[in-house]
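# Structural features, examined
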Amino acid sequence: MDITLLNNEHKVRVKFLDAEVLLAYVPRPKLREIGRVATCGTLVGGKEVEEYDPIEAARLLGRQAVLGWEGFTKDGKDFPYTTENCDFLMVNWSEFSKFVSNTAVDLIVLAEAARAENEKNSSATSEQD
């Protein structure tokens, strides 16, 4: 595997059910930052206790990883990508949140999806010739 991908933004369209989601690779330092932001401290009995908010972490990860999508509908109408719609799916649809969480942090999965997308695009181009 070409590790130069680690130095660049890596974005790829990945199939999710009947839709395609444009995902960006989220490196470990960014994941740690998301975890820090999603953790808040409160005083309990005079002692500070940190509490991790997995819902906030999912929302923040979605904002970092999901760059767009095609193919989602709601009530028979197109459900376009917006930051708010992404927040909604990351917080309310566990399968989507798991998909983003598992895929956006795995450079190998993203590289394989990019390779498959390139093969699909090149075969479509050669069919047109």
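Residues numbered from 1 in each chain as written. Predicted model: local features only at pLDDT ≥ 70, side-chain atom pairs only at ≥ 80, totals over all residues. Heavy atoms only, no water.

Turning to its location among the elements, glutamate 117 is positioned in helix α5 (residues 107-128). Remark: the alpha-carbon pair of glutamate 117 and lysine 15, spanning 102 residues in sequence, is separated by 9.9 Å. Not counting residues within four places of it along the chain, the set of residues in contact with glutamate 117 comprises Val12 and Arg13. (Helix = DSSP H or I, 4+ residues; strand = E, 2+ residues; numbered from the N terminus. Contact = heavy atoms within 4.5 Å.)

We now examine the packing of helix α3 (residues 83-92) against helix α4 (residues 94-103). Remark: α3 packs on α4, axes separated minimally by 5 Å, with the N-to-C direction vectors making an angle of 100°. As the angle between them shows, α3 and α4 are arranged roughly perpendicular. Facing Leu89, Met90 and Asn92 of α3, the residues of α4 in contact are Ser94, Phe96, Ser97 and Val100. (Axes fitted to C-alpha atoms, helices over the stretch in contact; angles between N-to-C directions. Parallel < 35°, antiparallel > 145°, perpendicular 65-115°, else oblique.)

Attention now moves to α3. Residues that lie three or four places apart on an α-helix share one face, since the helix turns once every 3.6 residues. Every buried residue belonging to α3 is among Asn85, Cys86, Asp87, Leu89 and Met90, and all of these are buried. Each element contacted by the buried residues of α3 is listed here: α2 (54-65), β5 (66-70) and α4. (Buried < 20%, exposed > 50% of the residue type's maximum accessible area, 1.4 Å probe, protein only.)

Attention shifts here to the nonpolar core. Among the nonpolar cores identified, the biggest contains 30 residues, and Val21, Leu23, Trp69, Phe72, Phe96 and Val100 are the most heavily contacted of them. Mapped by element, the contributors of at least two residues to this core are β1 (11-16), β2 (19-24), α2, β5, α3, α4 and α5. It is α2 that contributes the most residues to this core, five residues altogether. Setting aside residues no more than four positions away along its own chain, valine 100 makes contact with Leu23, Leu61, Ala65, Val66 and Met90. (Core = buried A, V, L, I, M, F, W, Y, C linked by side-chain atoms within 4.5 Å.)

Moving on: the sheet that holds β5. A sheet is described by the order of its strands in space; here three strands give the open sequence β1-β2-β5, paired in antiparallel fashion. Each end of this open sheet is capped by a strand with a single partner; those strands are β1 and β5. On average, adjacent strands in this sheet sit at an angle of 25° to one another, irrespective of strand direction. Pairing between β2 and β5: four bridges, direction antiparallel. Pairing of leucine 23 across the sheet is with valine 66, part of β5. Against the sheet, α2 engages β2 and β5, with an angle of about 75° to β5. (Pairing = 2+ DSSP bridges.)

Geometric descriptors of this kind do not, in isolation, establish any biological role.
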